[in-house]
Amino acid sequence: MTGAAETGDGLPADVAIIGAGVVGTAIARALACQDVSCVLIDAANDVGTGTSKANTAILHTGFDTVPGSLESRLLRRGSVLLADYARRAGIPVERTGALLVAWTPEQQGELPAIEDKARRNGVTDVRRVGTSELYRREPHLGPGALGALEIPGESIICPWTTSLAYATQALAAGARLRLRSRVTGIRAGTAEHQVVTGTGVVRCRWVVNAAGLHSDTIDAMMGGGAFTICPRRGELIVFDKLARPLLTSILLPVPTARTKGVLVAPTVYGNVLLGPTAEDIPDRGDVATTGPGLASLMDAGRRILPGLVAEEVTATYAGLRAATADRDYQIRVDPARRYACVAGIRSTGLSASLGIAEHVTVLLADAGLRLGDRPEPDPPVMPYIGQAGTRPYQDAARIAADPEYGRIACHCERVTRGEIRDALAAPLPPADLDGLRRRTRVLNGRCQGFYCAATVAALFGGGAPAAAAAVRPAAAERPPAEAEPA
Ligand SMILES: Cc1cc2nc3c(=O)[nH]c(=O)nc-3n(C[C@H](O)[C@H](O)[C@H](O)COP(=O)(O)OP(=O)(O)OC[C@H]3O[C@@H](n4cnc5c(N)ncnc54)[C@H](O)[C@@H]3O)c2cc1C
């Protein structure tokens, strides 16, 4: 999509949102559903390809945020909104609860303060769990745990479907999506702004900066420059589905001032995650995993859940937190410049996304953006890719009506040809096999595409010979796969 006209009548769009991660897509959804004409711009070829695809995939309650902070407020609100939205949109969520485990007397001594903090954050259903109950509930836990704090509301969620659902709903409500369009400059004006991208100029009245790791660069283009993003890399290990019976809850460590620490969590795809690390790095694009990082995770995993490290590793990946010097979210709206900065969404943006979008919408309206008053439409119903519910291959009635749902293309993840066909025909289709993976789980299982890559690539349209090049090297030919399945 190129050209200057952003609306049917040649007028500038009301709002250009830069960044189609979970935060930008949530904002686009909120605004488009309020009759605001929006253009959602991203440098990548799909939505949700930045930090939003490579995180720990936990729907946090916000129990451990700084009470009174903006993050605390928006996370608390966002997690409630997202739990409800996910249920209606078919986004996989499992309310596993979490156990924050103390391993030393010092950590045990911190539990009352964490419990008090949770209550001050409005998370009032937390409770202390003694050693015997803890081991009864998590018999595979390593020796030496002294007790825990239970946070029943902590859940696991599919991060991929979340951004896709927001974007799908934004498009249905009239938003325009401009992918492969890196923003290289902004000509700020009194009547309109001109956002210069690699595919042309986008005219708009307001700019919303949701550019994640590059939000400081966009902020500088709008005359800001008040903060700098310092990427903090988090590496994670995905274990095979055979590890899933080893735990029932998310196993959290006692957090430090700098990081939430290394956790073990189930995923909604039936795997187990171990991570993340926390390492400040200079390069905003460096999502490589490292030997020392993975080794440190294995050490931590051995202590928390000794049986885990004996299980097969399916994949490893890393994501970058958009950290700033200020711990809190950097969200502000400048009415004079018609500019909203939504930055510093470091460790909780997936969970808080709907709270952030609601907050930004209110700030923009207070600053003069005119909103429509139509009732909020129902969310789209997304293809269900979780492990806990019924997938198409398990649904006899669906297979009887359409035999393509009975023809499996990816055997590790039980993805059918019908689901691949549907993903390709969706309003927001994948641009490549990675995009297809985030929509269906193909290529995501223990063989990492070794067996199904040719079939999947042929279905995608690349043909069998393209498969080898398009898909990562086969699992047998490399160390633990570089991927980002949460
Ligand atoms: C290791 C790790 C674990 C985490 N775990 C959790 C968790 O369990 N739960 C939770 O709630 N949160 C978690 N988070 C945090 C969460 O993932 C982030 O807060 C969230 O994804 C941020 O979303 P975003 O939309 O702001 O950024 P992104 O997803 O990075 O999106 C920004 C987008 O802007 C685009 N962009 C940037 N510059 C430009 C430009 N110049 N032109 C056009 N487009 C541009 C990028 O391509 C990108 O798509 C975790 C983060 C990490 C790193």
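Here, every reference points to the structure presented above.
The rules behind each value
Residues numbered from 1 in each chain as written. Predicted model: local features only at pLDDT ≥ 70, side-chain atom pairs only at ≥ 80, totals over all residues. Heavy atoms only, no water. Near = heavy atom within 4 Å. Polar contact = N/O pair within 3.5 Å; in protein donor to acceptor, adjacent residues only side chain to side chain. Areas by Shrake-Rupley, 256 points an atom, 1.4 Å probe, with all protein chains shown as cover. Helix = DSSP H or I, 4+ residues; strand = E, 2+ residues; numbered from the N terminus. Nonpolar A, V, L, I, M, F, W, Y, C, P; charged D, E, K, R; others polar. Buried < 20%, exposed > 50% of the residue type's maximum accessible area, 1.4 Å probe, protein only. Contact = heavy atoms within 4.5 Å. Pairing = 2+ DSSP bridges. Phe/Tyr/Trp six-rings, centres within 6.5 Å; stacked < 30°, edge-to-face > 60°. Lys NZ or Arg CZ within 6 Å of the ring centre and 35° of its normal. Salt bridge = Lys/Arg side-chain N within 4 Å of Asp/Glu carboxyl O. Core = buried A, V, L, I, M, F, W, Y, C linked by side-chain atoms within 4.5 Å.

A. Highlighting the site of the ligand. Neighbouring the ligand are 36 residues; Asp42, Ser52, Val183, Ile345 and Ser351 lie closest to it. Backbone polar atom of Thr51 to an oxygen atom of the ligand: 3.1 Å apart, as the coordinates give it. In the environment of the ligand, an oxygen atom lies 2.8 Å from a nitrogen or oxygen atom belonging to the backbone of Ile345. Expressed as a share of its isolated accessible area of 1,000 Å², the protein-covered part of the ligand is 95%. When residues of the shell around the ligand are traced back to their parent elements, those giving at least two are helix H1 (22–32), strand S13 (230–239), strand S18 (313–323) and helix H8 (349–366). Partitioning the shell around the ligand into residue classes produces 15 nonpolar, 17 polar and 4 charged.

B. A look at helix H10 (residues 417–425). Turning to H10, its buried residues number three or more, namely Gly418, Glu419, Ile420 and Ala423. Each element contacted by the buried residues of H10 is listed here: strand S21 (408–410), strand S22 (415–416), helix H11 (433–440) and helix H12 (453–460).

C. Structural context of the sheet that holds strand S8 (residues 155–157). Read across the sheet, 3 strands follow the order S3-S8-S4 without closing on themselves; strand pairing throughout is antiparallel. Across the chains shown, the open sheet's two edge strands, defined by having one partner strand only, are strand S3 (58–59) and strand S4 (93–94). Pairing geometry for S3 and S8, over 2 bridges, is antiparallel. Paired with Ile58 across the two strands is Ile156, which belongs to S8.

D. The arrangement of the packing of aromatic side chains in detail. For the structure on display, the rule yields 3 aromatic pairs. Residues Tyr85 and Tyr166 carry aromatic rings whose centres are separated by 5.4 Å and whose planes lie at 55° to one another, so their mutual orientation is tilted. Here Tyr85, found in helix H2 (residues 70–89), pairs with Tyr166, found in helix H5 (residues 159–172); they are 81 residues apart in sequence, far enough to count as distant. We note that Tyr85, like Tyr166, is buried. Between the aromatic rings of Phe450 and Tyr451, the centroid separation amounts to 5.0 Å while the plane-to-plane angle is 85°, which identifies the pairing as edge-to-face. On the basis of relative accessibility, which here comes to 42%, the residue Phe450 falls in the partly exposed class. Tyr451 gets classed as exposed once you look at its relative accessible area, which sits at 68%. For Arg398, the ring lying beneath its charged end belongs to Tyr405, and the centroid distance is 4.3 Å.

E. Representation of the pattern of salt bridges in the model. A full pass over the atoms with the stated rule returns 30 salt bridges. With a shortest N-O distance of 3.2 Å, Arg29 and Glu376 are connected by a salt bridge. With Arg29 in helix H1 and Glu376 in the loop between H8 and helix H9 (396–401), this residue pair connects regions lying 347 residues apart in the sequence. When its relative accessible area of 8% is taken as the criterion, Arg29 is described as buried.

F. Here's a closer look at the nonpolar core. Counting 75 residues, the largest nonpolar core has Ile17, Ile27, Leu31, Leu100, Ile331, Val342 and Ile356 as the members making the most contacts within it. Considering every element that reaches this core, the biggest residue donor is H1, with 8 residues. Non-local contacts of Ile356, meaning those with residues more than four positions away in its chain, are made with Val23, Leu74, Tyr329, Ile331, Val342 and Ile345. In this structure, Val39, Ile229, Ile281 and Ala322 belong to the second largest nonpolar core, which totals 23 residues.

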